[in-house]
Amino acid sequence: MRRDRLGFLSAMVRTYDDIVTLAAHIFEAPIAAILHIENEEHNLKTAVGVRGAESFLLNTRRFCDETMAEPDVMVVEDTVCDERFAGNPLTSDLKRYERNVALVAHDPTLGIGGPTVAWLDAAFGITLIFTWQGAVIASTLVAFPLVYKAAATAFEGVDQQFEQVARVLGKSEWAVFLRVTLPLAWRGILAGSMLGFARALGEFGATLMVAGNIPGRTQTLSIAIYDAVEAGRDEVANFLVIVTSVVCITILVASGKLLKPRYAG
Amino acid sequence: MRIEVSVRTTLRSKAREFRLDVEFTCQDDVSVMFGASGSGKSATLRAIAGLEHPDSGRIVVDGRVLFDSARGIDVPARMRSVGYVFQDYALFPHLTVEENVALPVNPWWRRRPARDVAKRVRDLLDIFEIGNLSQSYPWQISGGQRQRVGLARTLIRKPAILLLDEPFAALDPLLRIRMRQELLNTQWLFKVPMLVITHDPQDVAALAENLVVLRRGRVERTVDLKGPPYRDEKGIPVRGVIRQLLMETSVESNGTQEQLPLRAVR
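Residues numbered from 1 in each chain as written. Chains lettered and ligands numbered in written order. Predicted model: local features only at pLDDT ≥ 70, side-chain atom pairs only at ≥ 80, totals over all residues.

Colleague: What exactly am I supposed to notice about the overall build of chain B here?
Modeller: Looking only at helices and strands, one finds 7 helices and 14 strands in chain B. For chain B, with 266 residues in total, the buried portion stands at 44%. (Helix = DSSP H or I, 4+ residues; strand = E, 2+ residues; numbered from the N terminus. Buried ≥ 20, exposed ≤ 12 C-beta atoms within 10 Å, placed from the backbone.)

Colleague: Explain the overall build of chain A here, please?
Modeller: From N to C terminus, chain A includes 11 helices and 4 strands. For chain A, buried positions account for 24% of its 265 residues. The contacts in chain A between residues at least 6 apart in sequence include a share of 54% that link residues at least 24 apart. (Contact = placed C-beta atoms within 7 Å.)

Colleague: Teacher, can you tell me more about the packing of helix α4 (residues 143-155) of chain B against helix α5 (residues 173-190) of chain B here?
Modeller: Packed helix pairs are characterised by how far apart their axes lie and by the angle those axes make with each other. Residue and element names in this part refer to chain B. As a packed pair, α4 and α5 sit with axes 11 Å apart at the nearest point and diverge in direction by 20°. Between α4 and α5, the angle is such that the two are roughly parallel. The crossing of α4 and α5 is right-handed. Note on element contacts: α5 touches α4 through Leu 175, Met 179, Thr 186 and Phe 190, opposite Gly 143, Gly 144, Gln 147, Leu 151 and Leu 155. In the contact of α4 with α5, the residues fall into 5 nonpolar, 4 polar and no charged. (Axes fitted to C-alpha atoms, helices over the stretch in contact; angles between N-to-C directions. Parallel < 35°, antiparallel > 145°, perpendicular 65-115°, else oblique. Left-handed = near helix turned anticlockwise from the far one by under 90°. Nonpolar A, V, L, I, M, F, W, Y, C, P; charged D, E, K, R; others polar.)

Colleague: Would you mind showing me how to read unusual backbone geometry here?
Modeller: Residue and element names in this part refer to chain B. Despite not being glycine, Ser 81 has its phi angle at roughly 55°, a positive value. Mapped onto the elements of the fold, Ser 81 is located in the loop between β6 (73-74) and β7 (82-85). We classify Ser 81 as partly exposed; it has 17 C-beta atoms within 10 Å. If you check the backbone angles, Tyr 89 has positive phi at about 75° while not being a glycine. Note that Tyr 89 resides in the loop between β7 and α2 (97-102).

Colleague: Looking at this structure, how should I read the interface of chain B and chain A?
Modeller: How big an interface is tends to be stated in terms of the accessible area lost upon association of its parts. Taken together, the contact between chain B and chain A spans 18 residues of the former and 19 residues of the latter. The residue makeup of the side of chain B that touches chain A, split by class, is 13 nonpolar, 1 polar and 4 charged.

Colleague: Would you take a moment to explain helix α6 (residues 132-156) of chain A for this structure?
Modeller: All names here are of chain A. End to end, α6 covers 35 Å across 25 residues, agreeing with the expected 36 Å (1.5 Å per residue, within 8%). Taken residue by residue, α6 has Gly 134, Ala 135, Ala 138, Ser 139, Ala 143, Val 147, Ala 150 and Ala 154 as its buried positions. In this structure, the buried residues of α6 make contact with α8 (173-201) and α9 (205-211). (Expected span 1.5 Å × (residues − 1).)

Colleague: I'm lost on the nonpolar core in this one. Help?
Modeller: Buried together is how nonpolar side chains tend to be arranged in soluble globular proteins. Counting 79 residues, the largest nonpolar core has Val32(B), Phe34(B), Ala49(B), Val101(B), Ala152(B), Leu163(B) and Val212(B) as its most contacted members. Contacts of Ala152(B), omitting those with residues within four sequence positions, involve Val101(B), Leu124(B), Leu125(B) and Phe128(B). If you look at the next biggest cluster of nonpolar residues, it comprises 13 residues, including Ala23(A), Ala33(A), Ile129(A) and Ala138(A). (Core = buried A, V, L, I, M, F, W, Y, C linked by C-beta atoms within 7 Å.)

Colleague: Teacher, can you tell me more about the environment of Ala185(A) here?
Modeller: Residue and element names in this part refer to chain A. Secondary-structure assignment places Ala 185 in helix α8. Here the alpha-carbon distance between Ala 185 and Ala 154, two residues 31 residues apart in the chain, equals 5.1 Å. Ignoring anything within four residues of it in the chain, the contact list for Ala 185 reads Ala 154, Phe 155, Gly 157 and Val 158.

Colleague: It is not clear to me how the pairing of strand β2 (residues 17-26) of chain B should be interpreted in this structure. Could you clarify?
Modeller: It is a general feature of regular strands that their side chains alternate between the two faces of the sheet. Residue and element names in this part refer to chain B. Where strand β1 (residues 3-12) lies against β2, 10 bridges are found, and the strand directions are antiparallel. Paired with Thr 9 across the two strands is Leu 20, which belongs to β2. Where β1 hands over to β2, the hairpin turn is made up of 4 residues, counted between the paired strands. (Pairing = 2+ DSSP bridges.)

Colleague: Would you mind showing me how to read the pairing of strand β3 (residues 30-34) of chain B here?
Modeller: All names here are of chain B. With 5 of 5 residues buried, β3 is to be regarded as a mostly interior element. Of the two faces of β3, both are covered, the one formed by Val 30, Val 32 and Phe 34 as well as the one formed by Ser 31 and Met 33. Bridge count between β3 and strand β10 (residues 210-215): 4 bridges; the pairing is parallel. Along β10, the bridge assignment pairs Val 32 with Leu 211.

Structure below.
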């Protein structure tokens, strides 16, 4: 299942630029780079804060070897004192680097996301970090308990007598579910899903962590509001708040209508 | 046509425990199981339909063993070919009359009646004189009409036996008299044996050829009512059975009979 990583990676160069810029920003680092290592060959994909790619590559070799040996994200508290890196031009040049902390991850996901994300990347070349797919998955996970609870309540709300009568009438369990349970429960399930959607729309933390805040790519509505407020663009923020409010209120009203008892009379 | 029922089980609710130990056979067109609320008649009927699984016992309908704890037989409800009409008929509220009646014989992926099913449904609805209601929903029709739909839905599969749980309890008294006659007509028309449970002595008087009286989870007696003189299982003549039942029920309903919902102990 392993894909031709090189071809795949070169198609993602633009995303890599985004990632290094973002990483350098988040960690307030002077240098951020993505290196691709295959068959002992170090290949600089993209970098910020680097002059002279050749010498940079030469000096990062030590970093890469140590990082590969480490299962997690490698954090070096003080690169000047650390025996592995003391003397390395990249870390010892105090004039260039104010903070002597190195944080190196050996996959393009910067070590965020844990084993599942790393496995997806290793086995299928699927990268979720800083993609809109990642944002979707993060929001889904956050909203799932809400949808699950609503669906469970809806299924429990179906009078067991209807399921029993269908069984006595000779229907298989599958037919009972499809023709009786589901039709009697779908309104509750749909209402729950809509609430879950509203919840996902307002999702902030998980999205920001997994997908980041890349305008036009992974920026969600609620992150855009935060961004606009931070940047002092109040009229943009106000507009976006009105948009979310209208959408959420519409959803709440609609789900309330769906949950009204239907077969009265 | 012969039904053999022997069922032993313990039903339990928070407040009490209830032992059900019922054994009877009947081979008439219409048998009635009579008892006050909480006497165990519903539980017995549910066991015959396969909705409850007794601790031990044996249920045979028309020579077919549906349940036999000794041999480990417990035929699932859907394969028992037993018709069961619930007390409030349990018509599916999301389906029209036509779709309700078609459901037992329709393939699972269809909601509307399949082509070959549609004609059977129409004929059956015409027999029950509710053909004009085929597109109505259950909540739009009257109690008597609902019962007819419930009967049609059950009979479309030609069950070996028809179990009716308090079929007239949901109807007003005037309608009951007419629906009892209708039920007998249905029995005659479809030639399907019936086992009716009731706590109304009038039902016994109108329907029963064979009477099983249940009391506190046990068969108190069985009476052959096919014609006077009535005799009980020992061949001893019984007079005024119905009047006696009337008196007994009035006594029991004044008593301390609990009506808590019961659950089978697994």
